[in-house]
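Chain by chain, the residues run as shown.
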Amino acid sequence: MKESFTQCMDWLHTWAGLLFGWLSFAIFFTGTMTVFDQEITYWMQPELHHVIPSPLNVDAAVRSLEQFAPQAERWSIELPSERTPVSTIRWSQDGTSVSRMINAKTGQPITVRNTHGGEFFYRFHYQLLLDQAGTWIVGAAAMAMLAALVTGIVIHHRIFKDFFTFRPSASAHRSWLDAHNVTSVLALPFHIMITFSGLVIFWSTYMPAGLQVHYDGEMDGFWAEAESFIEPERANQPAPLVSLRDLEREARPYWQGGQTRSIMVSHPGDRHALVQVYRRSNDRLSLYNDRVTFDGASGALRTVWINSKPAYMTQSVLSGLHFVQFGGGTIRWLYFGMGLAASAMIATGLVLWVVKRQGRHATTDAVGYRLVEGVNVAAIAGLLVATATFFWANRLLPADLPARELRELQIFFTAWSLCLGHALIKKLFQLGPSLRIWKTQLSVAAMFFILLPIVNVITTEHHLFMTVPQGQWEVAAVDLTALIGGLGLGWSARRLDQSARTSSRPKPSHLVASGG
Amino acid sequence: MDILVFLLSYAGLFTLCLAMPKHFQVMLGKPYLPSSPSLLILKIVGWMILGLSFAMAVDTAGWSFGPIRWVGYLAIGGLTLIFGLPFAPRLILLSGILTCCGGPLAVLVFLLD
């Protein structure tokens, strides 16, 4: 059968969208959470909430490192920022790496509960916790997403005629299509930018051929050349380390008004010690690691690395656009909003696949169709339930539980699996209409999110009744977002319930006529 | 002046929405249809307000951050408008008229300041 161009595009949009839609929703939703990764991590470590922010006392941090790890091969000190009020020190010794949070002013270590916090969403977002294999799967999903975006523009040719149109009381197909178009079109520049830049970040993984040929498979050689890394050999002669505070101060003028992000020391205490001071990228698009390197024993300036060639600059600006370390809270909230719009676009698209096939009885009885219906619920509502339980687990698990951070993840994935099991059993054994399953899982997610601030009241001292009067908005924002999100989900569940009741009654004739 | 960028993007989208016959009727709630020249004028004014909001975004946040913020505010403003329209058309009409009048006035005040 000869098909028209639009039909081909429609086919690609439908199937690329369906097969990768579940995965893409998870990637986009966790990516949206990652926008506030540091804020989530901070919220998940209530032990830090009473720490008063202060600039880093570099000498105190060095004293802590000397005390914890005098023999380490590498030290690093992360400076506090407006997003994280404490400083993190790390050291690596004999192949293991340890990190501790310290009070930026006194250098005293702070004991916090073990949690992956926002880092979990970040790891899941770009590699599904599967390392290199995950990066490839996410890359494939991103390619499918780009294809779906382009084909979507072709097939939804009415988007300009129907601009500003959302008809919630029209037929199910019509109103879901409207919602799908609106969430796609309005944030289309964002959707395309975020998908494309996500692929560009991993250019050397996804398109390694050029580098492989040019550097004979020696990728390390490329990185050494591109970023002029120096890896000094240990001299095995002790030499005192010069003051890191002075070196940091000396590096600052190179940032042209920027701030220092971190200080790294290779072979501290050795005659070949090397000190690298990095710039923070919070005041510009480019996510480029400006770096000034000093000799650790003499304090002499070794290299200044603050400019890049155009190709590398392009890549770092595109990564910067994706990682959104710039522009402060305003831009992060805008990204959060558009990320939610993107997630809603995928979710409505998945629902549309089902709704479009409703009423064709031969299909609705098929196992494949019911499978899609079930997985849809678990992939969307189930992920929301799992996310909420992850936040609950953080507050309810004892702070000193061994392997605590793994338990949090186990609870997240258990909750998600239970949702999948619930939806599949209901669907495959035909124990109820899809709307009921949607309603159940959305209500559970809504309840978990709405109750999260209350769990916080019971388990910590930094809850809404304290954080709002004291203006501790970094903490309060997480509770408030959970509350508002929960109310929104509850409202959706209620509306689904209403439409389930009306659809079980015979439809008014004008709705049937306009139904597609 | 981020709030101004947001209000102007909202006002611009609202005017463009008003320039489409079916939305015009929904918002005013009667089968009255304006002449096509006046719809064209609405369309031109809408694009001008959107242009103004872009200029404000670039003016307040610079060329690197301004356009990104503008796209963000445009998306949020548009989603508010579209999802609000079927539920509260009168409220959208009122807020649209207010931002259309207030937004450019605020820009004038901002420029004179």
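Rules of the game
- Residues numbered from 1 in each chain as written.
- Chains lettered and ligands numbered in written order.
- Predicted model: local features only at pLDDT ≥ 70, side-chain atom pairs only at ≥ 80, totals over all residues.
- Heavy atoms only, no water.
- Helix = DSSP H or I, 4+ residues; strand = E, 2+ residues; numbered from the N terminus.
- Buried < 20%, exposed > 50% of the residue type's maximum accessible area, 1.4 Å probe, protein only.
- Salt bridge = Lys/Arg side-chain N within 4 Å of Asp/Glu carboxyl O.
- Contact = heavy atoms within 4.5 Å.
- Buried area = accessible area lost by both parts, 1.4 Å probe.
- Polar contact = N/O pair within 3.5 Å; in protein donor to acceptor, adjacent residues only side chain to side chain.
- Nonpolar A, V, L, I, M, F, W, Y, C, P; charged D, E, K, R; others polar.
- Disulfide = S-S within 2.5 Å.
- Pairing = 2+ DSSP bridges.
- Domains from an automatic or database assignment.
- Phe/Tyr/Trp six-rings, centres within 6.5 Å; stacked < 30°, edge-to-face > 60°.
- Core = buried A, V, L, I, M, F, W, Y, C linked by side-chain atoms within 4.5 Å.
- pLDDT = per-residue confidence, 0-100.
- Expected span 1.5 Å × (residues − 1).

Points about unusual backbone geometry
All names here are of chain A.
Part 1 of the reasoning: In this model, Phe164 sits at a positive phi of 70 degrees, which is unusual for a non-glycine residue.
Part 2 of the reasoning: Relative to the elements of secondary structure, Phe164 occurs in the loop between α5 (131-155) and α6 (172-186).
Part 3 of the reasoning: Among the residues examined, Phe164 registers a relative accessible area of 5% and is labelled buried.
Part 4 of the reasoning: The phi dihedral of Gln430 falls on the positive side, at around 50 degrees, and the residue is not glycine.
Part 5 of the reasoning: Inspection of the secondary structure assignment puts Gln430 in the loop between α16 (404-428) and α17 (434-459).

Focus on the pattern of salt bridges
Residues and elements named next belong to chain A.
Part 1 of the reasoning: Here the structure, examined in full by the defined rule, presents 21 salt bridges over all chains.
Part 2 of the reasoning: Note that Asp162 and Arg167 form a salt bridge whose closest N and O atoms lie 3.9 Å from each other.
Part 3 of the reasoning: We classify Asp162 as buried; its relative accessible area is 8%.
Part 4 of the reasoning: Look at Arg167 and you get partly exposed, because its relative accessible area is 28%.
Part 5 of the reasoning: In this structure, Arg279 engages Asp283 in a salt bridge whose closest nitrogen and oxygen atoms are separated by 2.9 Å.

Describing the interface of chain B and chain A
Part 1 of the reasoning: With 25 residues of chain B at the contact, the number on the chain A side is 29 residues.
Part 2 of the reasoning: Summing the contributions of chain B and of chain A, the shared interface buries around 2100 Å²; its carbon and sulfur component is 83%.
Part 3 of the reasoning: Considering only the side of chain B, the residues that lose the most area to chain A are Phe65, Ile68 and Ile82 of chain B, jointly responsible for 27% of the buried surface there.
Part 4 of the reasoning: Across the contact surface, chain B and chain A share one salt bridge.
Part 5 of the reasoning: Summed over the shared surface of chain B and chain A, the result is four residue pairs in polar contact (both at pLDDT 80 or more).
Part 6 of the reasoning: At the level of secondary structure, the elements contributing two or more residues to the side of chain B that touches chain A comprise α1 (2-18), α2 (21-28) and α3 (36-84) of chain B.
Part 7 of the reasoning: A total of 15 residues in the side of chain B that touches chain A trace back to one element, the largest contributor, which is α3 of chain B.
Part 8 of the reasoning: Within the side of chain B that touches chain A, the residues separate by chemical class into 18 nonpolar, four polar and three charged.

Quick notes on the state of the cysteines
All names here are of chain B.
Part 1 of the reasoning: Applying the stated criterion across every chain, the model contains zero disulfides over all chains.
Part 2 of the reasoning: Distance from the sulfur of Cys17, which forms no disulfide, to the nearest cysteine sulfur (Cys100) is 11 Å.
Part 3 of the reasoning: Here Cys100 stays unpaired: no disulfide links it, and the sulfur of Cys101, its closest cysteine neighbor, is 6.6 Å away.

Description of the pairing of strand β7 (residues 291-295) of chain A
Residue and element names in this part refer to chain A.
Part 1 of the reasoning: Where burial is concerned, most of β7 is hidden: five out of the five residues are buried.
Part 2 of the reasoning: Side chains Arg291, Thr293 and Asp295 project from β7 onto one buried face, and the interleaved Val292 and Phe294 project onto a second face that is buried too.
Part 3 of the reasoning: Bridge count between strand β6 (residues 274-279) and β7: five bridges; the pairing is antiparallel. Looking at β7, one finds that Val277 is bridged to Val292.
Part 4 of the reasoning: The sheet contact formed by β7 and strand β8 (residues 301-305) spans four bridges and is antiparallel. Looking across to β8, one finds that Thr293 is bridged to Thr303.

Thoughts on helix α4 (residues 118-127) of chain A
Residues and elements named next belong to chain A.
Part 1 of the reasoning: With seven of 10 residues buried, α4 is to be regarded as a mostly interior element.
Part 2 of the reasoning: Within α4, burial applies to Gly118, Phe120, Phe121, Phe124, His125, Tyr126 and Gln127.
Part 3 of the reasoning: Where α4 is buried, its residues touch α1 (5-34), α2 (37-43), α5, α12 (310-323), α15 (367-396) and α16.
Part 4 of the reasoning: Phi turns positive one or two residues past the end of α4, at Leu128, with a value near 50 degrees.

Remarks on the domain arrangement of chain A
Part 1 of the reasoning: Per the domain assignment, the segments making up chain A are domain 1 (1-45 + 113-207 + 328-356), domain 2 (46-112), domain 3 (228-321) and domain 4 (357-516).
Part 2 of the reasoning: The C-alpha centroid of domain 4 of chain A is placed 46 Å from the C-alpha centroid of domain 3 of chain A.

Side note on the packing of aromatic side chains
Residue and element names in this part refer to chain A.
Part 1 of the reasoning: For the structure shown, the criterion picks out 41 aromatic pairs over all chains.
Part 2 of the reasoning: Judged by centre distance (6.1 Å) and plane angle (50 degrees), the ring pair of Phe124 and Trp416 falls under tilted. With a gap of 292 residues between them, Phe124 in helix α4 and Trp416 in helix α16 connect regions that are remote in the sequence.
Part 3 of the reasoning: Judged by its relative accessible area of 7%, Phe124 is buried.
Part 4 of the reasoning: Ring geometry for Phe390 against Phe412: centres 6.1 Å apart, planes inclined by 85 degrees, an arrangement best described as edge-to-face.

Considerations on the sheet that holds β7 of chain A
All names here are of chain A.
Part 1 of the reasoning: The sheet built from eight strands is open, its strands ordered β4-β3-β2-β1-β5-β6-β7-β8 with antiparallel pairing. The open sheet terminates on both sides in strands that have one partner only, identified here as β4 (109-110) and β8.
Part 2 of the reasoning: Pairing geometry for strand β1 (residues 74-78) and strand β2 (residues 87-93), over five bridges, is antiparallel. Directly across from Ser76, in β2, lies its bridge partner Arg90.

Thoughts on the pairing of β6 of chain A
Residues and elements named next belong to chain A.
Part 1 of the reasoning: Within β6, six of the six residues are buried, leaving the element largely enclosed by the surrounding structure.
Part 2 of the reasoning: Judged by which residues are buried, β6 turns out to be covered on both faces: Leu274, Gln276 and Tyr278 on one side and Val275, Val277 and Arg279 on the other are all buried.
Part 3 of the reasoning: One ladder, built from six bridges, connects strand β5 (residues 260-266) with β6; its direction is antiparallel. Opposite Met264, over in β6, you have Gln276 as the bridge partner.

Digging into the nonpolar core
Part 1 of the reasoning: Among the nonpolar cores identified, the biggest contains 127 residues, and Phe164, Phe326, Tyr335 and Phe391 of chain A are the most heavily contacted of them.
Part 2 of the reasoning: Broken down by element, this core gets its largest block of residues, 15 residues, from helix α13 (residues 328-356) of chain A.
Part 3 of the reasoning: Excluding residues within four positions of it along the chain, Tyr335 of chain A makes contact with Val35, Phe190, Met193, Ile194, Leu321, His322, Val324 and Phe326 of chain A together with Ile68 of chain B.
Part 4 of the reasoning: Grouped together as the second largest cluster of nonpolar side chains are 24 residues, Val58, Val62, Leu244 and Phe294 of chain A included.

Description of the side chain of His13 of chain A
All names here are of chain A.
Part 1 of the reasoning: Position of His13 relative to the elements: it lies in helix α1.
Part 2 of the reasoning: Take His13: its relative accessible area is 16%, and that puts it in the buried class.
Part 3 of the reasoning: Apart from residues no more than four positions distant in its own chain, His13 is found in contact with Ala148, Thr151, Gly152, Ile155, His156 and His180.

Digging into the confidence of the model for chain A
Part 1 of the reasoning: Within chain A, residue pLDDT values average 89, and 96% of them lie at 70 or more.
Part 2 of the reasoning: For the stretch residues 505-516 of chain A, pLDDT sits under 50, and the model shows eight contacts to residues farther than four places along the chain or on other chains.

Description of α13 of chain A
Part 1 of the reasoning: The terminal C-alpha atoms of α13 of chain A, which comprises 29 residues, lie 42 Å apart, in line with the 42 Å expected from a rise of 1.5 Å per residue.
Part 2 of the reasoning: Most of α13 of chain A is tucked away, with 21 of its 29 residues classed as buried.

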